[in-house]
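This is what each chain is made of:
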Amino acid sequence: MNGDDISRLQLKRLKAQVKHAYDNVRMYRDRMDKAGIKVDDIRKLEDISKIPFTKKDDLRDHYPYGILAVPIENVMRLHASSGTTGIPTVVSYTRHDLDTWSDLMARCYSCAGVTPSDIVQNAYGYGLFTGGLGFHMGAERLGALVLPTATGNTKRQIKMMRDMRTTVLCCTPSYSLYLIEALQEEKVDPSELDLRIGMFGAEPWSDETRLHIQDSLGIRAQDLYGMSELYGPGVAAECPEQNGLHIWSDEFLVETIDPDTGEVLSPGEKGEVVFTMLTREAMPLLRYRTRDLAVIEYEKCACGRSHPRIMRIKGRSDDMLIVGGVNVFPSQIEDILVGIEELGEQYQIVLETDRLDHLYVKVEVSPKYWKKVDMKELSSKVVSTLQASLTLRAKVELLEPGVIPRTEGKAKRVIDLRKKI
Ligand code: ADP
Ligand code: ZN
């Protein structure tokens, strides 16, 4: 579809979805009534800005069954978010919702270059977390062969990968880094494997990490975005251009806003990403604030797709650390660390306070440089590079390769030991 056809479809679906939410969910009805908005006031796409935002707390306030717009007997499944930032959020699906989600994930695979002849090893966590089943259903919908290895048991992952001739690996970027080390330990040369594409998402990762994964495994490492509130993985995915993630705009209407004022930003401005789901039955979400910060690119992509692209997600607004009054995003620290050749990929940020806040950056030295460089010199290089960019003095601890605990799911990079007042 070209941009105009997509907009027409979006408007038709938006009108129907606003009506569905208004008619069937008390929260939306109360809010729209209070704001003086009627369903019929939505006449063009821009009218969406009249509708109040929906936030994560709205879902928590409706625990356990969420913002249900259908009778419970029409609900086929529940999932819950991993709760990285607090109490889990429960989300619900009708048959239509599961079907749409499978289609969206199949489109992500296909967009990344995966075909029905591929053998897909799915090392995301199965269970309440949406990763496992989302990647599973999408690969089945595409018609690929799926190996539901789930997380953990890295030796068995490697054995399956080799014996079954896996061509596509699905896992978090952090787990793929761990797998690269495990392959070295097991003395498996990645060139013996048939891997060609990695479907990596669920957490932020940098371009340098991508290059490292691509070089080490001899694959194309593709980024994929989603969140449990918006079905799960499958909201947006990279095409082989690797220049932004295409948002499936026939299902998701995207906006960016100023996270402090809620004001809608112009295309190209960095802000909090807000999604309206266009056909969700069980749990309609109107103007859902993701708290993720990014830039949306509306220019047509070199691959020919007209779906807008979410440029790399630079962290979430609630990720921001305030250290002695200075705002710092963990992704900023990561960007600096990966730019220093002598360092490895694993790091941790620890915050402590006595009367002043202290920022500790613990980072592994790359195995190639361990015991080969002057640690004092390297350490002061890291300190001054961090200081130049963060305007903040961090204490740096250089660690032996392998000592930071590896993860099977999302990495926990920040340890905040400051007492919350
Ligand atoms: P939570 O972690 O909040 O419990 P989810 O497991 O649904 O819930 O995680 C969704 C969040 O994960 C997103 O809001 C986003 O911050 C992050 N995320 C998912 N995919 C990506 C990606 N490709 N790049 C960066 N961040 C991502
Ligand atoms: Zn593209």
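Now for a quick tour of the structure. Quick caveat, the model's predicted, so the values are computed rather than measured.

Rules of the game
- Residues numbered from 1 in each chain as written.
- Chains lettered and ligands numbered in written order.
- Predicted model: local features only at pLDDT ≥ 70, side-chain atom pairs only at ≥ 80, totals over all residues.
- Heavy atoms only, no water.
- Phe/Tyr/Trp six-rings, centres within 6.5 Å; stacked < 30°, edge-to-face > 60°.
- Helix = DSSP H or I, 4+ residues; strand = E, 2+ residues; numbered from the N terminus.
- Buried < 20%, exposed > 50% of the residue type's maximum accessible area, 1.4 Å probe, protein only.
- Lys NZ or Arg CZ within 6 Å of the ring centre and 35° of its normal.
- Core = buried A, V, L, I, M, F, W, Y, C linked by side-chain atoms within 4.5 Å.
- Contact = heavy atoms within 4.5 Å.
- Donors = N, O, S within 2.8 Å, 3.2 Å for Na, K, Ca; no water.
- Tetrahedral: all angles 85-135°; square planar, octahedral: opposite > 155°, others 65-115°.
- Polar contact = N/O pair within 3.5 Å; in protein donor to acceptor, adjacent residues only side chain to side chain.
- Salt bridge = Lys/Arg side-chain N within 4 Å of Asp/Glu carboxyl O.
- Pairing = 2+ DSSP bridges.
- Axes fitted to C-alpha atoms, helices over the stretch in contact; angles between N-to-C directions.

## Structural notes on the packing of aromatic side chains
Right, on to step 1. One pass over the structure, following the stated rule, counts nine aromatic pairs.
Right, on to step 2. Note on Tyr-109 and Phe-135: the rings are 6.1 Å apart at their centroids and 85° apart in plane angle, and the pair reads as edge-to-face. One end of the pair, Tyr-109, is in helix 4 (residues 95-112); the other, Phe-135, is in helix 5 (residues 130-142), with 26 residues separating them in the sequence. An identical accessibility class is assigned to Tyr-109 and Phe-135; each is buried.
Right, on to step 3. Judged by centre distance (6.0 Å) and plane angle (75°), the ring pair of Phe-252 and Phe-275 falls under edge-to-face. Taken together, the positions of Phe-252 in strand 10 (residues 252-257) and Phe-275 in strand 11 (residues 271-277) put the pair 23 residues apart, joining distant regions of the chain.
Right, on to step 4. Using a relative accessible area of 1% as the deciding quantity, one classes Phe-252 as buried.
Right, on to step 5. Each residue in the set Tyr-93, Trp-101, Tyr-225, Tyr-231, Phe-252 and Phe-275 is aromatic and connected to the rest through ring pairs, giving one cluster.
Right, on to step 6. Of note, Arg-210 hangs over the ring of Trp-205, and the distance from its end group to the ring centre comes to 5.7 Å.
Right, on to step 7. Looking at Arg-289, its charged tip hangs above the ring of Phe-53, at a distance of 5.4 Å from the centre.

## With respect to the nonpolar core
Right, on to step 1. Of all hydrophobic cores here, the largest spans 69 residues; its most connected members are Tyr-109, Met-199, Phe-252 and Ile-310.
Right, on to step 2. Those residues in contact with Tyr-109 that lie beyond four places of it in its chain are Val-114, Val-120, Phe-135, Gly-138, Ala-139, Leu-142, Cys-170 and Met-199.
Right, on to step 3. Ranked by size, the runner-up nonpolar core spans 26 residues in total, among them Tyr-347, Val-361, Leu-378 and Val-383.

## Here's the deal with the coordination of the zinc ion (ligand 2)
Right, on to step 1. Every protein donor of the zinc ion (ligand 2) is listed here as Cys-239 (SG), His-246 (NE2), Cys-301 (SG) and Cys-303 (SG), and their distances to the metal cover 2.1 to 2.3 Å.
Right, on to step 2. Angles of 103 to 114° at the metal separate the four donor atoms of the zinc ion (ligand 2), which places the site in the tetrahedral class.
Right, on to step 3. Read in sequence order, the donor residues for the zinc ion (ligand 2) give the motif C-x6-H-x54-C-x1-C.

## Considering the environment of Gln-157
Right, on to step 1. Turning to its location among the elements, Gln-157 is positioned in helix 6 (residues 154-163).
Right, on to step 2. Along the sequence, Gln-157 and Asn-122 sit 35 residues apart, while their C-alpha atoms lie 9.6 Å from each other.
Right, on to step 3. Apart from residues lying up to four places away in sequence, Gln-157 is in contact with Gln-121, Ala-123, Thr-149, Ala-150, Thr-151, Gly-152, Tyr-175 and Leu-179.
Right, on to step 4. At 2.8 Å, the side chain of Gln-157 and the side chain of Gln-121 are in polar contact.

## Remarks on the pattern of salt bridges
Right, on to step 1. Scanning the model with the defined rule gives 29 salt bridges in all.
Right, on to step 2. Asp-163 is the salt-bridge partner of Lys-159, the closest N and O atoms lying 2.7 Å from each other. With a gap of four residues between them, Lys-159 and Asp-163 both fall in helix 6, about one helical turn apart.
Right, on to step 3. Take Asp-163: its relative accessible area is 42%, and that puts it in the partly exposed class.
Right, on to step 4. Notably, a salt bridge pairs Glu-341 with Lys-368, separated by 3.9 Å at the nearest N-O pair. Of this pair, Glu-341 sits in the loop between helix 9 (330-338) and strand 17 (343-353) while Lys-368 sits in the loop between strand 18 (357-365) and helix 10 (375-390), and the two are 27 residues apart along the sequence.
Right, on to step 5. Taking relative accessible area as the criterion, Glu-341 reaches 52% and is therefore assigned exposed.
Right, on to step 6. Beyond isolated ion pairs, a larger network of salt bridges with shared partners links Lys-44, Asp-47 and Lys-50.

## Digging into the pairing of strand 6 (residues 197-201)
Right, on to step 1. Burial runs high along strand 6: five of the five residues are buried.
Right, on to step 2. Because side chains alternate across strand 6, one face comprises the buried residues Ile-197, Met-199 and Gly-201, and the other comprises Gly-198 and Phe-200, equally buried.
Right, on to step 3. Pairing of strand 5 (residues 168-171) with strand 6 involves four bridges; the strand directions are parallel. Counterpart to Leu-169 in the pairing with strand 6 is Gly-198.

## With respect to the sheet that holds strand 4 (residues 145-147)
Right, on to step 1. Read across the open sheet, the nine strands follow the order 4-3-5-6-7-8-9-14-13; overall the sheet is mixed. Edge positions in the sheet fall to strand 4 and strand 13 (296-297), since each of these pairs with one other strand and no more.
Right, on to step 2. Where strand 13 lies against strand 14 (residues 309-310), two bridges are found, and the strand directions are antiparallel. The residue of strand 14 that forms the bridge with Glu-297 is Arg-309.
Right, on to step 3. Its contacts with the sheet put helix 7 (residues 173-185) on strand 5 and strand 6, and the angle it makes with strand 5 is roughly 120°.

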